[in-house]
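Read off the chains here:
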Amino acid sequence: MRTDQMRTEVPAGDVLLADAAAAWVGAYVHIPFCRRVCPYCDFAVVEGQDDLRSPYLAALIAEIQREPRFTRPLDAVFVGGGTPTAVDPVDLGRVIAALDDRLGLAPDAEISLEANPEDLTPRVAAALADQGFNRISLGVQSFDPVVLQALGRRHDPDMAAEAIVAALSAFPSVNVDLIFGTPGEAVSSWRDSVERALGAGVHHLSAYALTVERGTPLGRAVQAGAPAPDPDDQAAKYDIVVKAAAAAGLDRYETSNFAMPGHHCRHNLLTWAQGEYAAFGNGAHRHRAGTRSWNVRRLDRYVERAADSAVSGDETLDPWGREVERVALGLRRAAGVVAGRAGGALLESPEGRRLLDAGVIGAVGDRIVVTRPLLGDEVARTLLALQPGDC
Amino acid sequence: MPDTSRIRNFSIIAHIDHGKSTLADRLLERTGAITPREMREQVLDSMDLERERGITIKAAAVRLRHIAPDGDEYILNLIDTPGHVDFTYEVSRSLAACEGAVLLVDAAQGVEAQTLANAYLAIDGGLEVIPVINKVDLPAAEPERVADEIAAVLGVDPSSVLRISAKTGEGVEELLAAIVDRLPPPKGDASEPLTALVFDSYYDTYRGVVCYLRVVDGILGTGDPLRFMATGENLPADEVGVLHPKVVPVAALGPGEVGYLITGVKEVGRIRVGDTVTRRDRPAQKMLPGYREPKPMVFSGLFPTDGDDFEGLREALERLRLNDAALVFEPESSRALGFGFRCGFLGLLHMEIVRERLEREYDLDLVATAPSVAYRAVRSDGSEIEVRSPQDLPDSGGLRRVLEPFFRVMIITPTEFIGTVMDLLQEHRGVMGTMQYLSPERVELVYRVPLAEIVFGFFDQLKSRTRGYGSLDYEPDGYDASDLARVDILLNAVPVDAFSAIVHKDKAYEYGRRLVERLGEIIPRQLFDVPIQAAIGSRIIARETVKAKRKDVTAKCYGGDITRKRKLLEKQKEGKKRMKMLGQVEVPQEAFVAVLQIDAD
């Protein structure tokens, strides 16, 4: 049986956690600096521009100090990038302190940081833990030197293995990011990467399909005729990681995320539960009081404007739009989502029934789950096509 | 009433781009019909669409006042002719209103098939032809060679061929003199009962149907009670006039005169080109010769992409028919495409024009099925039906034979391409008729070819095989029995009527294989495997499978940017909306276009 066709019972604990996350609040902090920008990356990142580091950190802290308070302290903080470990741990500590000072940190708050393996020596890991980080996410991507080179990464498999050891000794929760489906990556190579990551004893695994984005060096190369990732190859590799993770005791709780019990990423969960989060830094996206808004993407503009407001755009959906969004986001989770108006309309619609018949979605009690997560976008498009009158 | 000896009625016969419109403008200017300041370029082409395509669909007639060098005044009626082979019948009616024709040939291009066909039409109609070489001012002009070619084709002395430049005006005075001297004046008797030939008509939003006619005998006066002899319509002559080219109402038109008539009728279908107008109170005994019902040759189903637009499509077709009597349509329902209309056209160009007007002027989004010609099926009991759609073809059990329409195809090509053109005709089941050298460099080939073979891209193939030098004309040439079969396409085991086609049996396998292959490329992967099969009856002749899609999900780090992802999905959703659901299968619009592009060669 293929895993993407398996109909799974929804684990009760998972459901409670998934739904509870809707009430959580979070903060995302963007660190745009990289020593080298990866060719597939389309985030707001820069190579060099070291002279802007101090002004940027000052701007970040100024932006944090201006942020309206939530009604509760932060349940999750996620420092991502870019390469946060390209910045001194003490500076990152100042950012966390500013967040605590302005928005407050819950006693059990998840304080997570993205790190590149080549940066995470035991000394750096200890320093970051000292600054209050209790979760680390390592951008390992692969244990195959050929794939790492194709992805433009600066570390080798041994560095990745050493960084995982360092991380496990310094942090109570460790994630590894892997990327599958890079052109040229053999199935055996992928299997090996998955097994080495899981074998190292990480608590959490994010497995992302290499995605070609316009405007990136990879996007331009593909447009010029370089091989693109093959969706069938990626589907096969997805099946491999789903099986291997389950065997290692990690549940798939979201399309691309796997966790041991108690190690689900809170920031991740609240995002898919349509929860609220503040965001700081260039190009950062926030969701507060029913409005999604985002900051200017350019680093220098952000630094110039952060004293005032760095917001460059926003979007407020109408009630139906938000309801559709709630279901679309919730369906990315293995726990699925309470059907509600939009989910009900989906199940009633001819297109929704096609998806039911094809085993892409399932109805479990008052919830809808995506039973073939590899076809999740098909479900999302169908949801978006529904009209409020359809229910 | 002007003296008929002072009237000359003529047309200009020319290939597209050989300068007909420029010459018409020059004649208007020289005879003072319009001042240069008033002159828009190419006055005779009125519709935007015609202007874009560089062709003239609707004829017009303009009265020119010409004062000869000796001081005598003449009325010259310039009668325009449509420039495309789909409209041969209209051309023949326009020519029937004339005593003469100016055969205009580009000094660099030489004689083209269509020009020649129309020149023969004029000669057969007893018209006096004045051969004229245009664009002699061009550096590439070869007036000697072209004059020899024209002389050979028409059997005239090369020295009788005039040389002009419509652009600079060189030689135009000589042409006016030749029109007066060489063309015969019309004959006609004002005391005879009225007979007038309707040679064109168009629809005017304010005035209704305006018809152009040529009075042969008798007098047509404003207010006269008229009868249209073919249709039997009794209508009053509300207004009679001439075009200068501005509209000028007159009291009456006498023998040999050309003008317009307005009767108040709002539907073009009630007035037929080729009909004879007479007086109700003193009717003529006999119609003028040559009347023919407009006969559609090519049929295609037009379906609105959005089923809600069906009524809108009906209204649009009805309005188009107001000024296009050749357009026929009847409701049709397709299992695949829902409700639409089976429409009949004079030819492919006509079909394209109608479709474009529907989409452009009426803002309709349409799916057109592959064009089909009008076959005739003879049932086992001997009865005969017309097959306008592949679905009309009876099952082979109840069928004795199928007849298909043949055309007489005339092609003029430089001699170096004779071989490749003959191959092309052979591939299209053509049977050779005659071959005639027009000059040492150019040859005319006449073949008999099934219409179905020239419906799909034949002209483009001819152009590409002759590097643009080959030209083509064709006319109906009866029906003959052929070995034909209907190839059906099954999508997910369900036949899709919109993809069916009637194909010659020798080509059916190749056709089926290529169409199935092409559909396999166009139809996106679905939630399940989609078999695509081609079949003749219950026999499968080709098969492809569109494998179920396995991955359609964004499995990447979002970084909190939910908005962008949603916008991307919404964009993809819009693309999905433009797909047509055939059973459980989503099919993009281009699949229907693909059928038009499959050629079994």
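Keep in mind the model is a prediction, meaning the values are calculated, not measured.

Undergrad: Mind laying out the overall build of chain A, listing which residues take part and the relevant values?
TA: Counting its regular elements, chain A contains 15 helices and 17 strands. The dimensions of chain A, computed from C-alpha atoms along their principal axes, are 55 × 50 × 45 Å. Relative to its full complement of 391 residues, chain A shows a buried share of 59%. Carbon together with sulfur atoms contributes 52% to the accessible area of chain A, which is approximately 15100 Å² in total. Charged side chains in chain A number 39 positive and 52 negative. The centres of these two groups are separated by 2 Å.

Undergrad: I'd love a proper account of the pattern of salt bridges, names of residues and values included.
TA: Following the criterion strictly, the structure yields 68 salt bridges over all chains and no others. For aspartate 233 of chain A, the salt bridge is made with lysine 237 of chain A, and the minimal N-O distance between the two is 2.9 Å. Of this pair, aspartate 233 of chain A and lysine 237 of chain A both sit in helix H9 (residues 231-247), 4 residues apart, which is roughly one turn of the helix. Overlapping salt bridges, with partners in common, bring together Asp42 and Glu213 of chain A together with Lys556 and Arg564 of chain B in one network.

Undergrad: Run through the interface of chain B and chain A, naming residues and quoting values.
TA: Contacts between the two partners involve 31 residues from chain B and, on the opposite side, 42 residues from chain A. Of the roughly 3600 Å² buried where chain B meets chain A, counting both sides, 53% is carbon and sulfur surface. Taken together, the links from chain B to chain A amount to 11 salt bridges. Taken together, the links from chain B to chain A amount to 24 residue pairs in polar contact (both at pLDDT 80 or more). Per-element tally for the side of chain B that touches chain A: the top contributor is helix H13 (residues 562-577) of chain B, with 11 residues. Among the residues making up the side of chain B that touches chain A, the classes are represented as 9 nonpolar, 7 polar and 15 charged.

Undergrad: Go over a nonpolar patch on the surface, please, and point to the residues and values.
TA: All names here are of chain B. Among the surface-exposed residues, Met432, Met435 and Tyr437 lie close enough to one another that they form a single nonpolar patch of about 290 Å² accessible area. Summarising the element assignment, methionine 432 is placed in strand S25 (residues 431-437). Residue classification places methionine 432 among the partly exposed positions, given a relative accessible area of 38%.

Undergrad: Could you give me a rundown of the packing of aromatic side chains, with the residues and numbers involved?
TA: All chains considered together, the criterion is met by 11 aromatic pairs over all chains. For the ring pair phenylalanine 180 of chain A and tryptophan 190 of chain A, a centre distance of 5.2 Å and an interplane angle of 50° mean the geometry is tilted. Remark: tryptophan 190 of chain A occurs in helix H7 (residues 187-199) and phenylalanine 180 of chain A occurs in strand S7 (residues 173-180); sequence separation between them is 10 residues. Here phenylalanine 180 of chain A matches tryptophan 190 of chain A in class, with each residue buried. Ring geometry for phenylalanine 310 of chain B versus phenylalanine 339 of chain B: centroids 6.2 Å apart, planes at 65°, classification edge-to-face. Residue phenylalanine 310 of chain B is located in helix H7 (residues 310-322), and its partner phenylalanine 339 of chain B is located in strand S19 (residues 338-345); the two are separated by 29 residues in the primary sequence. By the ring-pair criterion, three or more aromatic residues cluster together here, those being Phe310, Phe329, Phe339 and Phe341 of chain B. Directly above the ring of phenylalanine 33 of chain A sits arginine 53 of chain A, whose terminal nitrogen or CZ lies 5.1 Å from the centroid. A cation sits over an aromatic face here: arginine 332 of chain A above tryptophan 272 of chain A, 4.9 Å from the ring centre.

Reading guide: rules and limits
Residues numbered from 1 in each chain as written. Chains lettered and ligands numbered in written order. Predicted model: local features only at pLDDT ≥ 70, side-chain atom pairs only at ≥ 80, totals over all residues. Heavy atoms only, no water. Helix = DSSP H or I, 4+ residues; strand = E, 2+ residues; numbered from the N terminus. Buried < 20%, exposed > 50% of the residue type's maximum accessible area, 1.4 Å probe, protein only. Areas by Shrake-Rupley, 256 points an atom, 1.4 Å probe, with all protein chains shown as cover. Lys, Arg positive; Asp, Glu negative; His and termini not counted. Charge placed at Lys NZ, Arg CZ, Asp CG, Glu CD. Salt bridge = Lys/Arg side-chain N within 4 Å of Asp/Glu carboxyl O. Contact = heavy atoms within 4.5 Å. Buried area = accessible area lost by both parts, 1.4 Å probe. Polar contact = N/O pair within 3.5 Å; in protein donor to acceptor, adjacent residues only side chain to side chain. Nonpolar A, V, L, I, M, F, W, Y, C, P; charged D, E, K, R; others polar. Patch = residues over 30% accessible without salt bridge, like charges linked within 9 Å, V, L, I, M, F, W, Y side chains within 5 Å. Phe/Tyr/Trp six-rings, centres within 6.5 Å; stacked < 30°, edge-to-face > 60°. Lys NZ or Arg CZ within 6 Å of the ring centre and 35° of its normal.

So yeah, pure geometry; function would need other evidence.
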